[in-house]
Amino acid sequence: MSKKVSIDQLEDAIMKELEEFASLASDDLKDAVRKTAKDVRTDIRDSAPVKTGKYKRSWSVKKVSETADSINLVVHSRNRYQIAHLLEHGHAKRGGGRVAARPHIAPAENKGNAELEKLIKQKLKGG
């Protein structure tokens, strides 16, 4: 797409095109963040320890803030957050000994970071 612009209007034309690209890019990035957050939640749910299933089902995605340029999402345990670190890292038993760690959050986080990076690169290249 070519437009004829005089030298006097060149700055305005460039700024307009850059703003349009930034708007499209921020929408793509927000979509990538939403998809990654949902995938991380699913990965945590799939690998979480199960006794009654309440802990496994408690994981959700919460939108903390959103502006025109950014979005901030948190993957968290709604009502079982008190035991998440105990299950992830293990803990001492009351009568002595230890409960083994059951890592399920860190692997999902690492996978999500790699996936988000891949999605961002893909979307910015026009894929």
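Residues numbered from 1 in each chain as written. Predicted model: local features only at pLDDT ≥ 70, side-chain atom pairs only at ≥ 80, totals over all residues. Heavy atoms only, no water.

1. Focus on helix 4 (residues 105-124)
Link 1 in the chain: A rise of 1.5 Å per residue sets the reference length of helix 4, with its 20 residues, at 28 Å; its end C-alpha atoms lie 28 Å apart and thus fit the reference within 8%.
Link 2 in the chain: Within helix 4, burial applies to Ala-108, Gly-112, Glu-115 and Leu-119. Mapping the buried residues of helix 4 onto a view down its axis gives an arc of 75 degrees, with all of them on the same face. Summarising the geometry of helix 4, the exposed residues directed more than 90 degrees from the buried face are Asn-110 and Lys-118.
Link 3 in the chain: Tucked inside the fold, the buried residues of helix 4 contact helix 1 (10-47).
Link 4 in the chain: At the C-terminal side of helix 4, Gly-126 shows a positive phi close to 95 degrees. (Helix = DSSP H or I, 4+ residues; strand = E, 2+ residues; numbered from the N terminus. Expected span 1.5 Å × (residues − 1). Buried < 20%, exposed > 50% of the residue type's maximum accessible area, 1.4 Å probe, protein only. Arc of directions from axis to C-beta. Contact = heavy atoms within 4.5 Å.)

2. Quick word on the pattern of salt bridges
Close approach of charged atoms lets side chains of opposite charge pair.
Link 1 in the chain: For the structure shown, the criterion picks out eight salt bridges.
Link 2 in the chain: Among the salt bridges present, the one from Asp-39 reaches Lys-35, with a minimum N-O distance of 2.8 Å. Here Asp-39 and its partner Lys-35 are both found in helix 1, four residues apart, which amounts to about one turn of the helix.
Link 3 in the chain: Residue Lys-35 pairs with Glu-115 through a salt bridge whose shortest N-O separation is 3.5 Å. Linking Lys-35 in helix 1 with Glu-115 in helix 4, this pair joins segments that are 80 residues apart in sequence.
Link 4 in the chain: Exposure remark for Lys-35: the relative accessible area of 42% places this residue in the partly exposed category. (Salt bridge = Lys/Arg side-chain N within 4 Å of Asp/Glu carboxyl O.)

3. As for the nonpolar core
Proteins that are soluble and globular tend to have nonpolar side chains buried together.
Link 1 in the chain: One finds Val-40, Ile-44, Ala-48, Tyr-55, Trp-59, Ala-84 and Ala-108 forming the largest nonpolar core, which totals seven residues.
Link 2 in the chain: Filtering out sequence-adjacent residues up to four positions away, Ala-108 remains in contact with Val-40, Asp-43 and Ile-44. (Core = buried A, V, L, I, M, F, W, Y, C linked by side-chain atoms within 4.5 Å.)

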